[in-house]
There are 2 protein chains.
Amino acid sequence: MPVDQLPDTVEALHTALPGRVDNDPALLAPYTADRSGHRSSGTPLAAVRARSVEDVQAVCRIASAARIPVVTRGAGTGLAGGAIAGPGEIILSLAEMDRVLEISEENRLAVVEPGILNGRLNAVLADYGLWWAPDPASKDISTVGGNIAMNAGGLLCAKYGVTREAVLALKVVLADGTLLSVGHRTVKGVTGYDLCALMIGSEGTLGIIVEATLKLLPVTEGETVTIGAFFNTVEEAAAAASSVTRRGHVPAVMELMDNRTLECVARYSGQDISDRGAYLLIQCDGPAAAKTAQHIASVVANAGGAVEITTDPDESRRLLDFRRSAFPALEAMGTMLVEDIAVPRDQMAAAFAAIRSLEDKYGVLIPTTCHAGDGNLHPTFVFQGEEVPSAIWAAAGELFTTALDLGGTLTGEHGIGLLKRDWLQDELGQDQYEIQRRIKQVFDPLNILNPGKVFPQQA
Amino acid sequence: MPVDQLPDTVEALHTALPGRVDNDPALLAPYTADRSGHRSSGTPLAAVRARSVEDVQAVCRIASAARIPVVTRGAGTGLAGGAIAGPGEIILSLAEMDRVLEISEENRLAVVEPGILNGRLNAVLADYGLWWAPDPASKDISTVGGNIAMNAGGLLCAKYGVTREAVLALKVVLADGTLLSVGHRTVKGVTGYDLCALMIGSEGTLGIIVEATLKLLPVTEGETVTIGAFFNTVEEAAAAASSVTRRGHVPAVMELMDNRTLECVARYSGQDISDRGAYLLIQCDGPAAAKTAQHIASVVANAGGAVEITTDPDESRRLLDFRRSAFPALEAMGTMLVEDIAVPRDQMAAAFAAIRSLEDKYGVLIPTTCHAGDGNLHPTFVFQGEEVPSAIWAAAGELFTTALDLGGTLTGEHGIGLLKRDWLQDELGQDQYEIQRRIKQVFDPLNILNPGKVFPQQA
């Protein structure tokens, strides 16, 4: 659009949402980055803080009329640059749309606005003996709407599923301001195509989620049992995790850390664990937790693990803290590029071996944590400064290729956003890539919803 | 297309798949009907029995070139007319593509061709201590591909989810013969839009499922406990079921039959149960089954149920047989139109009350069974002859409106097919209807994949 129309658009936003439009560069700076460390090329046009569905519709109508991009944002905790905005773009913040609209115990559902934090929602639900299962590591600081827009994963997915399985229905505002209700308030519903599932994980490119009907679970009863085990090598630990799955056990949590990560944790926390080869953390919940945990502990011990098993809260916390301290320990060393490949569970050991080869080839360290219950690895590149060095991008690119070669994916839970769009076609293939672009056009013919995210910007 | 091109197309099919093309009207007759009782207006052009992905691609290329409709069919057990074909259409049978291609215990998945029967697959998986959860009543006679194309439900959905949750990836042949791989072999994967979920439940209108990677579960351990309870009224029984859910219990099975159905069963089986008001059948499985069942039994008794509870296999079978005999009993009375509304679980009693009003208004009996764990009701119209009488369609239409008014859906698990397409817009609304049609056009621009199903045929 012509630059001289931009002030008119800001003016129109001010008129539509008085007092909730910022265009002071100082206030806009936070919207140029997320937790990926990536930063957009400059200050966005304006940030709008919506408080209602009608607000969102008004913004979309103004943006459509002027053909100005809209970048929807929750808490800005994304790791792929999906919710950052640059020059000439409107940031549409849904952080203030954070109400719980309904909790129904009989229907085992909650209706919420998108800006509510996952952790806060779960605190409210606890009083009803209910919970919402999506459990990204960011849950205390990330929004439900953001979790849905990214189809967030987390630690519990092998047992409790990904976000898609925990959403019944959505209200979505389209680029032109149309309000659409997709999905069902019922457990089952097969009328027409599943646009609710299509919207989940679409990263703000198809529509703006303004209300979500969430499928809840009754709180899991019984005592949680925690298992921690050090191994000599990460291959042994990965093989142990595979054995647990192969034998039909379903732990709630199964997390793996390699020796590089343990070295970082040792340095950060002063613990004497830097000589260990890998650490496997497992938690079992539910009525059979004790029995299942005993079985798992013996599988892990037979696979070479030095096993501790406990139900004591303090001991559990100590075992968990090794895992929890991984990211703070890495963060203390520099800027992180947290990668997010997923591989079939029997390929975890191969993925770790490939990561070691990449370390040698590119002369970088790649400490890696892994959701071992579901084969989702977070190889992490640590560097100094703000810009990802080109050698690290080269190593990351080869990492993605490795994941695809192993039958896996570029991204298990963080999304494509800006940072992985150049590899999207490698995974989808040309035919599917074209179909996905055409689906984007069905919903957003003017390409104003988060353009340049997921799909590379077209010339 | 001009009629004189039809023989060329049949000839091309014969050449491409020698020995596997039928165009003898006697052999084609079965393809004009499914288990809905509905019949197409005449004999299809030809039936093709595919044995490979390449076969399916060849058929699609021939059909695309000649712009001839392709109706994909598995076992023909559908209840909405979704896989029946009429004049000028090709039936593409996948029944002979029925191999298990891979079972991976470590990845807890199976890769199968679409024509394998659900029951046969589960028999194979049992040897591995695994199972595939989708559990439609037709499981012994319906195909996995058909289950996926319809997003089949069944008895276990409140606990184990619908078919969508049990599919990791699909290979799909598009109308033009392009082979697409959608979804992931991994537990998690968020690259691009979720076309795998979009394909599930699309009823053969977007693409032809030629291979499926299925998410498996370890076989549930422990003894199953069965509860049967007669009630004075269906409202009491529905309230009891709601209480079970509200109190946080998750039975594997929770089935409800109203008094009309009990009358039919009594007549059919000679059992003295015709004076009972309703029957609730519940099964609990897993390690806490005994404890959970005791809790549930007391909830049900407090709600007015005359409770029997057992782990004895013969006693369990007796309690189950009331439910199992419902459809044979109804079928013995005439032709059935089995409806399939779903309502939020707290609206089940209201749905039953509405069904009683419709009986009075239209002078028909509507025996109704219900998956009470998830609010999916099967109001069943029984009539004589092949054609659904117009009074019954009128009553069914009002039933659909009632379901929507209660916050529910036209179809919980049977699909839209031919029989419910006239009500599709009522549920979707005009905006979503248009978007769904445009998505159809993205995948199938010539409208040759199951045209006239789901969406009304355009003039």
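Each chain carries its own residue numbering, running from 1 in the written order of its sequence. Written order decides the labels, with chains lettered from A and ligands numbered from 1. Local features in this predicted model are restricted to residues of pLDDT 70 or higher, and side-chain atom pairs are both shown and tallied only at a pLDDT of 80 or more, whereas totals for entire chains, interfaces and linings draw on every residue. The side-chain numbers reported here are obtained from all heavy atoms of the structure, hydrogens and water having been left aside.

Undergrad: Residue-level account of the packing of helix α15 (residues 424-443) of chain A against helix α15 (residues 424-443) of chain B, with values.
TA: Running from N to C, α15(A) and α15(B) point in directions that differ by 155°, and their axes come no closer than 10 Å. Considered as vectors, α15(A) and α15(B) are oriented roughly antiparallel to each other. The two elements α15(A) and α15(B) meet at a crossing, and its hand is right-handed. Contacts from A:Ile435, A:Arg438, A:Ile439, A:Val442 and A:Phe443 of α15(A) reach α15(B) at B:Ile435, B:Arg438, B:Ile439, B:Val442 and B:Phe443. In terms of residue class, the contact of α15(A) with α15(B) is made up of eight nonpolar, no polar and two charged. Between N-to-C directions, angles span 0 to 180 degrees; the directions come from axes that are lines fitted to C-alpha atoms, helices contributing only their stretch in contact. Only DSSP runs of H or I covering at least 4 residues are called helices, and only runs of E covering at least 2 are called strands; the numbering of each starts at the N terminus. Here the angle decides the label: under 35 degrees means roughly parallel, over 145 means roughly antiparallel, 65 to 115 means roughly perpendicular, and every other value means oblique. Here is the rule for handedness: rotate from the far helix to the near one, and if that takes an anticlockwise turn smaller than a right angle the crossing is left-handed, while a clockwise turn gives right-handed. Whether two residues touch is decided by their heavy atoms; if any such pair falls within 4.5 Å, the residues are in contact. For this classification, Asp, Glu, Lys and Arg are treated as charged, while Ala, Val, Leu, Ile, Met, Phe, Trp, Tyr, Cys and Pro are nonpolar and the rest, including Gly, are polar.

Undergrad: Residues and numbers for the sheet that holds strand β8 (residues 167-173) of chain B, please.
TA: Residues and elements named next belong to chain B. Strand pairing follows a simple DSSP-based rule, namely that at least 2 bridges must link the two strands. Reading across the sheet, the five strands line up as β5-β6-β10-β8-β9 and stay open at both edges, with antiparallel pairing between neighbours. Two strands in the sheet have a free side with no partner beyond their single neighbour: β5 (100-104) and β9 (179-183). The sheet shows a mean angle of 15° between the axes of neighbouring strands, taken without regard to direction. Strand direction decides the pairing type here: β8 and β9, joined by five bridges, are antiparallel. Bridged to leucine 170 within β9 is valine 182. Packing against the sheet, helix α4 (residues 118-126) makes contact with β5, β6 (109-112) and β10 (208-215), and its axis sits at approximately 40° to β5.

Undergrad: Can you break down the packing of aromatic side chains residue by residue, with the values?
TA: In this scheme Phe, Tyr and Trp rings, the latter by its six-membered ring, pair at centre separations within 6.5 Å, and the angle between planes marks the pair as stacked below 30 degrees, edge-to-face above 60, and tilted otherwise. Counted by the stated rule, this structure contains 16 aromatic pairs over all chains. Ring centres 5.6 Å apart and planes at 65° place the aromatic pair A:Phe455 and B:Tyr193 in the edge-to-face group. Highlighted residues: A:Phe455 in the segment after α15 and B:Tyr193 in the loop between β9 and α7 (195-199), drawn from two different chains. Summarising the burial analysis for this pair, A:Phe455 and B:Tyr193 share the class buried. Judged by centre distance (5.4 Å) and plane angle (75°), the rings of B:Phe230 and B:Phe322 are edge-to-face. Placement of the pair is B:Phe230 in strand β12 (residues 225-231) and B:Phe322 in helix α11 (residues 313-324), with a sequence separation of 92 residues. Taking relative accessible area as the criterion, B:Phe230 reaches 13% and is therefore assigned buried. In this scheme, Lys NZ or Arg CZ marks a charge over a ring once it lies within 6 Å of the ring centre and within 35 degrees of the ring normal. The ring of A:Phe230 carries the charged tip of A:Arg276 above its face, separated from the ring centre by 4.5 Å. Only protein chains enter the calculation, and the probe is 1.4 Å; a residue is then buried if its accessible area is under 20% of its type maximum, exposed if over 50%, and partly exposed in between.

Undergrad: I'd like a rundown of the UniProt feature "domain: FAD-binding PCMH-type" (unreviewed entry) in chain A, residues and numbers included.
TA: UniProt positions are given in the numbering used here, feature names are shortened, and annotations may be inferred rather than shown by experiment. According to UniProt, the "domain: FAD-binding PCMH-type" (unreviewed entry) feature falls on residues 40-219 of chain A. What you have in residues 40-219 of chain A is 22% helix and 25% strand, and the ends, taken at the C-alpha atoms, are 41 Å apart.

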